[in-house]
Amino acid sequence: GVHIIDLVKSRPMLEKALKAIEEASNRGYILFIGTKGQAATIIQNKAEEVGAFYINKRWPGGLFTNFDMLKKGIQSLIKMEESLASGGKGLVKKEVLMMEREVERMNKVYEGIKFMDRLPELVVVIDSKVEDNAIREAKISGIPTVALIDTNCDPDLVTYPLPANDDSLKSITLFVDLFGQAITNGNKSQGLI
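Only a predicted model underlies this, so the values are computations on that prediction, with no experimental measurement involved.

**Student:** Please clarify how the packing of helix H1 (residues 7–27) against helix H6 (residues 169–185) should be interpreted in this entry.
**Tutor:** Working note: a packed helix pair is described by the angle between its axes plus the distance between those axes. Where H1 contacts H6, the axes come no closer than 7 Å and their chain directions differ by 40°. Classed by the angle they form, the pair H1 and H6 counts as oblique. H1 and H6 meet at a crossing whose hand is right-handed. Contacts between H1 and H6 involve Leu14, Leu18, Ile21, Glu22 and Ser25 on the former and, on the latter, Phe175, Leu178, Phe179, Ala182, Ile183 and Asn185. Its residues assigned to classes, the contact of H1 with H6 comprises eight nonpolar, two polar and one charged.

So this is what it looks like as structure tokens:
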């Protein structure tokens, strides 16, 4: 009942994935996806550090397949935030309170992708079993994926599978740091930072 991951085979796969991340970061945006508890803060911190986008609360269905409609929702969120920042001029107290609640609710989902104006060049996924909807949407949209593949995951769905433990904090931190270095090696991320 014990599964063993062969790190000798994982290394060349990791090198291939890091090269793909670096090339993709030169062409455009990278999106980190990791909604499970262990990965959420690690992903957010690294994405903000290297200038990548992230999703760490829950997957907004249709992000890739229905991007234009989701973008309109995000733009309305930005308008509401601007309205609140200017003091909510012309609004009653109750309207301001309702708008604050709506902004808070929308920020839970869209916080890490608020300024993403086009689809990412590559998606980095921490747990491919938990994020299978994101991987399927990426596949439909033709976006390559890099994902940590544990022994309970299907490597055929992912463009660049990395056999690794996707539950361990140390494992997630190690891989996310390596992904961050690859993004930093690409020069496009500097503009987003």
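**Student:** It is not clear to me how the confidence of the model for the protein should be interpreted in this structure. Could you clarify?
**Tutor:** Here the protein shows a mean pLDDT of 86. Residues at 70 or above account for 96%. Averaged pLDDT values over the elements of the protein bottom out at 52 in helix H7 (residues 189–192) and peak at 92 in strand S3 (residues 122–125).

**Student:** Please clarify how the environment of Ile172 should be interpreted in this entry.
**Tutor:** For Ile172, the position within the fold is in helix H6. For the pair Ile172 and Ala39, spaced 133 residues apart in sequence, the C-alpha separation works out to 6.7 Å. When near neighbours in sequence (up to four residues on either side) are disregarded, Ile172 contacts Gln38, Ala39, Ile42, Ile126, Asp166 and Asp167.

**Student:** Help me out: how do you make sense of the nonpolar core in this one?
**Tutor:** If you look at soluble globular proteins, the nonpolar side chains tend to sit buried side by side. Counting 31 residues, the largest nonpolar core has Leu31, Leu63, Phe64, Tyr110 and Ile113 as its most contacted members. For this core, the secondary structure elements donating two or more residues are strand S1 (30–33), strand S2 (53–55), helix H3 (67–85), helix H4 (93–110), S3, helix H5 (132–141) and strand S4 (145–149). With six residues, H3 is the largest single contributor of residues to this core. If we ignore the near neighbours within four places in the chain, the residues touching Tyr110 are Pro60, Leu70, Ile74 and Leu77. Ile21, Ile30, Phe32 and Ala182 belong to the second largest nonpolar core, which has 28 residues in total.

**Student:** Any chance you could explain the sheet that holds S1 here in plain terms?
**Tutor:** Overall, parallel pairing links the five strands, which are arranged S2-S1-S3-S4-S5 in an open sheet. Whereas interior strands pair on both sides, the edge strands pair on one side only; in this sheet they are S2 and strand S5 (160–163). In this sheet, adjacent strand axes meet at a mean angle of 20° when their direction is disregarded. Direction of pairing for S4 relative to S5: parallel, over a ladder of four bridges. Following the sheet pairing, Leu148 is matched in S5 by Leu162.

The rules behind the values
- Residues numbered from 1 in each chain as written.
- Predicted model: local features only at pLDDT ≥ 70, side-chain atom pairs only at ≥ 80, totals over all residues.
- Heavy atoms only, no water.
- Axes fitted to C-alpha atoms, helices over the stretch in contact; angles between N-to-C directions.
- Helix = DSSP H or I, 4+ residues; strand = E, 2+ residues; numbered from the N terminus.
- Parallel < 35°, antiparallel > 145°, perpendicular 65-115°, else oblique.
- Left-handed = near helix turned anticlockwise from the far one by under 90°.
- Contact = heavy atoms within 4.5 Å.
- Nonpolar A, V, L, I, M, F, W, Y, C, P; charged D, E, K, R; others polar.
- pLDDT = per-residue confidence, 0-100.
- Core = buried A, V, L, I, M, F, W, Y, C linked by side-chain atoms within 4.5 Å.
- Buried < 20%, exposed > 50% of the residue type's maximum accessible area, 1.4 Å probe, protein only.
- Pairing = 2+ DSSP bridges.

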